[in-house]
Amino acid sequence: MRDIKLEQENLADRDKKHLWHPLTQHKVSGEMLPVVKAKDSVLTDDKGNDYIDAISSWYTAVYGHCNPYITSKVAKQMQNLDQVVFSGFTHKPAIELSEALIKILPEGQQKLFFNDNGSTSTEIGIKMALQYHHNLGNDRKVMLAFEEGFHGDTFGAMSVSGLSVYNGAFEDHFIRVERIPVPTGDNNQKVIDKLKQIIASHNIAGFIYEPLIQGAAAMKFHDAEGLNEILKVCREHDIVRVADEVMTGFGKTGKYFASDYIEEKPDVICMSKALTAGLLPMGLTSCTQKIYDAFYSEDIAKGLFHGHTYTANPLACSAALAAVELLTSKDIQENIQRISGCNADFVQKLTHHPRVKNTRSKGVIMAFELDIKTDRYGDLRNKLFQFFMDKGVFLRPLGNTIYIVPPYVISDEELKKVYAVIEESLVVF
């Protein structure tokens, strides 16, 4: 039998032998930090050090790590039905989740298509937009997207993403995409003018967008009224509106979905991350009855022929259903408002700091830029990351952007520590 203590001591060394980590250039990266335990808002490494998870582990574990309500529901489901093919079969967890989600999704959503993660949820959203017009006999093969958007790492998702650092080797293989700037309030009419020019000269099938906040673009906010006008023009031209709520969904902006702030509702919504509360991987793509009806035909070829082995996995569905129940609970809603208020106060405190610019917050999301020029994955970012970790706070800066998306269960004391460490970084860097 292996020595368990020796195994833990050698985790970082053992990791290097076989593992290839995401978004990592291993030639210049240091060792990966072994995490051996997580509970509520805290991660614990193999040496017993604790870190406040101030970004909810990439915006997933919003109800806290190892939430007992969610884990108990999944454990119970695990004893009854673990996995079954979702083509030709169905099961209670998927049905109950669909019923719960329809109650909280923005108005008009009617059908749900299960998938595996955020990238595949947007991939299917793109497919829905393109095939919708194909099935109707419309010659529309071009997608519309925002500049600097990010929608995932699969080919369709990469195609509509505007961050070239992710896409470089693959751009010759992309689908056709036209881009418009995000509306900022000052440029709304210019954006609409460009949109109309693109519509007039290209056969646009769908518009994919991150509503109000572009996550990978460093929590870049845009104007709700401007986005509403874009969506209105798209509706008038039967352009399928695909809202990528993978990051923004399930309470992070202060409402269930960022689309709830906007009068014009999407035709398609892409979901993942907090959908299953960080416990199990799963994605969902919802759509209106109108979109679904374009696929509903005696012609088999008009069906949406996309499937994943673990589509609608019963355990993941159980986790997601428990997560929705928590999201709609009084306690979690009060916590979201509490954190939103604290973030707003902290933003106000930072607004006139000489090292800070572009402070902003919405819901539990708070961000600002250090008034220093640096590359997205430059040395400053690495130094900031290590500084925060040394202080017991897990933050993951994007270039010179520092942001937090804390779990809804974070305590006031933990939140104050996050703020204090951020303020301390302003003195050091």
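The rules behind each value
Residues numbered from 1 in each chain as written. Predicted model: local features only at pLDDT ≥ 70, side-chain atom pairs only at ≥ 80, totals over all residues. Heavy atoms only, no water. Helix = DSSP H or I, 4+ residues; strand = E, 2+ residues; numbered from the N terminus. Buried < 20%, exposed > 50% of the residue type's maximum accessible area, 1.4 Å probe, protein only. Contact = heavy atoms within 4.5 Å. Areas by Shrake-Rupley, 256 points an atom, 1.4 Å probe, with all protein chains shown as cover. Lys, Arg positive; Asp, Glu negative; His and termini not counted. Charge placed at Lys NZ, Arg CZ, Asp CG, Glu CD. Arc of directions from axis to C-beta. Polar contact = N/O pair within 3.5 Å; in protein donor to acceptor, adjacent residues only side chain to side chain. Pairing = 2+ DSSP bridges. Axes fitted to C-alpha atoms, helices over the stretch in contact; angles between N-to-C directions. Phe/Tyr/Trp six-rings, centres within 6.5 Å; stacked < 30°, edge-to-face > 60°. Lys NZ or Arg CZ within 6 Å of the ring centre and 35° of its normal. Parallel < 35°, antiparallel > 145°, perpendicular 65-115°, else oblique. Left-handed = near helix turned anticlockwise from the far one by under 90°. Nonpolar A, V, L, I, M, F, W, Y, C, P; charged D, E, K, R; others polar. Salt bridge = Lys/Arg side-chain N within 4 Å of Asp/Glu carboxyl O. Core = buried A, V, L, I, M, F, W, Y, C linked by side-chain atoms within 4.5 Å. Expected span 1.5 Å × (residues − 1).

Participant: Describe in detail the overall build of the chain, supporting the description with residues and values.
Facilitator: Across its full length, the chain holds 15 helices and 16 strands. Taken along the three principal axes of its C-alpha coordinates, the chain extends 60 × 55 × 45 Å. Out of the 429 residues belonging to the chain, those deemed buried represent 51%. Here the contacts in the chain between residues at least 6 apart in sequence split such that 70% fall between residues at least 24 apart. Taken as a whole, the chain presents about 20400 Å² of accessible surface, with 51% of it coming from carbon and sulfur. The averaged location of the 55 negative side-chain charges in the chain is 1 Å from the averaged location of its 47 positive side-chain charges.

Participant: Report on helix H4 (residues 68-78), specifying residues and quantitative values.
Facilitator: Along H4, the residues that are buried comprise Ile70, Val74 and Gln77. Each buried residue of H4 sits inside an arc of 60° when the element is viewed along its axis, so together they form one side. What points out from H4, more than 90 degrees from its buried face, is the exposed set Pro68 and Lys76. On its buried side, H4 packs onto helix H5 (92-104) and helix H12 (314-327). The opening residue of H4 is asparagine 67, an N-cap whose side-chain oxygen sits 2.9 Å from the backbone nitrogen of tyrosine 69.

Participant: Describe in detail the sheet that holds strand S13 (residues 356-362), supporting the description with residues and values.
Facilitator: In space, the three strands of this open sheet follow the order S13-S14-S16, with antiparallel pairing throughout. Edge positions in the sheet fall to S13 and strand S16 (401-404), since each of these pairs with one other strand and no more. Between one strand and the next, the sheet's axes are offset by a mean angle of 10°, whatever the strand orientation. In this structure, S13 lies alongside strand S14 (residues 365-370), joined through five bridges in antiparallel fashion. Counted as the bridge partner of arginine 360 is alanine 367 from S14.

Participant: So what about the packing of aromatic side chains? Which residues, and what values?
Facilitator: Overall, the coordinates contain 12 aromatic pairs when judged by the stated rule. Relative to phenylalanine 114, the ring of phenylalanine 86 has its centre 5.6 Å away and its plane inclined at 75°; by these criteria the two rings are edge-to-face. Here phenylalanine 114 lies in strand S4 (residues 109-115) and phenylalanine 86 lies in the loop between H4 and H5, a separation of 28 residues in the sequence. Residue classification places phenylalanine 86 among the partly exposed positions, given a relative accessible area of 26%. The residue whose ring lies beneath arginine 360 is phenylalanine 221, and the NZ or CZ to ring-centre distance is 5.8 Å. Over the ring of phenylalanine 385 we find arginine 381; its NZ or CZ atom is 5.2 Å from the centre of that ring.

Participant: Provide a residue-level description of the packing of helix H13 (residues 330-350) against helix H15 (residues 412-428), including the pertinent values.
Facilitator: For the pair H13 and H15, the least separation of the axes is 11 Å and the interaxial angle reads 20°. In terms of orientation, H13 and H15 fall into the roughly parallel class. H13 and H15 meet at a crossing whose hand is right-handed. Judged by residue contacts, Arg338, Ile339, Cys342, Asn343, Phe346, Lys349 and Leu350 of H13 engage Asp412, Leu415, Tyr419, Ile422, Glu423 and Leu426 from H15.

Participant: Account for the packing of helix H14 (residues 379-390) against H15, with residues named and values stated.
Facilitator: It is the contact of H14 with H15, at a shortest axis distance of 10 Å, that shows an interaxial angle of 135°. Regarding the angle of H14 to H15, the classification is oblique. Here H14 runs over H15; the crossing is right-handed. Residues Leu384, Phe387 and Phe388 of H14 form the contact with H15, whose own contacting residues are Val421, Ile422, Glu424, Ser425 and Val428. Classifying every residue of the contact of H14 with H15 by side-chain character gives six nonpolar, one polar and one charged.

Participant: Describe the side chain of glutamine 131, and please don't skip the residues or the numbers.
Facilitator: With respect to the element layout, glutamine 131 can be found in helix H6 (residues 118-135). By relative accessible area, glutamine 131 is classed as buried at 17%. Among the polar contacts listed, one links the side chain of glutamine 131 to the backbone oxygen of glycine 303, at a separation of 2.9 Å.

Participant: Just give me the short version of the pattern of salt bridges, but keep the residues and values in it.
Facilitator: Here the structure, examined in full by the defined rule, presents 15 salt bridges. Between lysine 16 and glutamate 31 there is a salt bridge, and its shortest N-O distance comes to 3.3 Å. Linking lysine 16 in helix H2 (residues 11-18) with glutamate 31 in the loop between H2 and strand S1 (35-39), this pair joins segments that are 15 residues apart in sequence. Residue lysine 357 pairs with aspartate 371 through a salt bridge whose shortest N-O separation is 3.9 Å. On the criterion of sequence distance, the pair formed by lysine 357 in strand S13 and aspartate 371 in the loop between S14 and H14 is long-range, its members being 14 residues apart.

Participant: Describe the nonpolar core, and please don't skip the residues or the numbers.
Facilitator: Residues Tyr63, Leu97, Phe207 and Ile422 are the most contacted members of the largest nonpolar core, which totals 100 residues. When residues of this core are assigned to their parent elements, the largest contribution, 11 residues, is made by H12. Setting aside residues up to four positions removed in sequence, isoleucine 422 forms contacts with Phe346, Met366, Phe368, Phe388, Leu395, Ile402 and Ile404. Ala145, Val160, Val246 and Leu304 belong to the second-largest nonpolar core, a separate cluster that totals 19 residues.

Participant: Explain the environment of alanine 100 residue by residue, including any values.
Facilitator: Inspection of the secondary structure puts alanine 100 in helix H5. Since its relative accessible area comes to 17%, alanine 100 is described here as buried. Each C-alpha atom, one on alanine 100 and one on cysteine 66, is 22 Å from the other, the two residues being 34 residues apart in sequence. Ignoring anything within four residues of it in the chain, the contact list for alanine 100 reads Leu321 and Val324.

Participant: Which residues make up helix H9 (residues 188-201), and what values go with them?
Facilitator: For H9, with 14 residues, the first-to-last C-alpha span of 20 Å sits near the 20 Å given by 1.5 Å per residue. Three or more residues of H9 are buried, namely Asn188, Val191, Ile192, Leu195, Ile198 and Ile199. Considered in projection along H9, the buried side chains sweep an arc of 125° and stay on one side of the axis. Along H9, the residues that are exposed and aim more than 90 degrees away from the buried face are Gln189, Lys190, Gln197, Ala200 and Ser201. Elements in contact with the buried residues of H9: strand S5 (142-146), strand S6 (177-180), strand S7 (204-209) and helix H10 (224-236).

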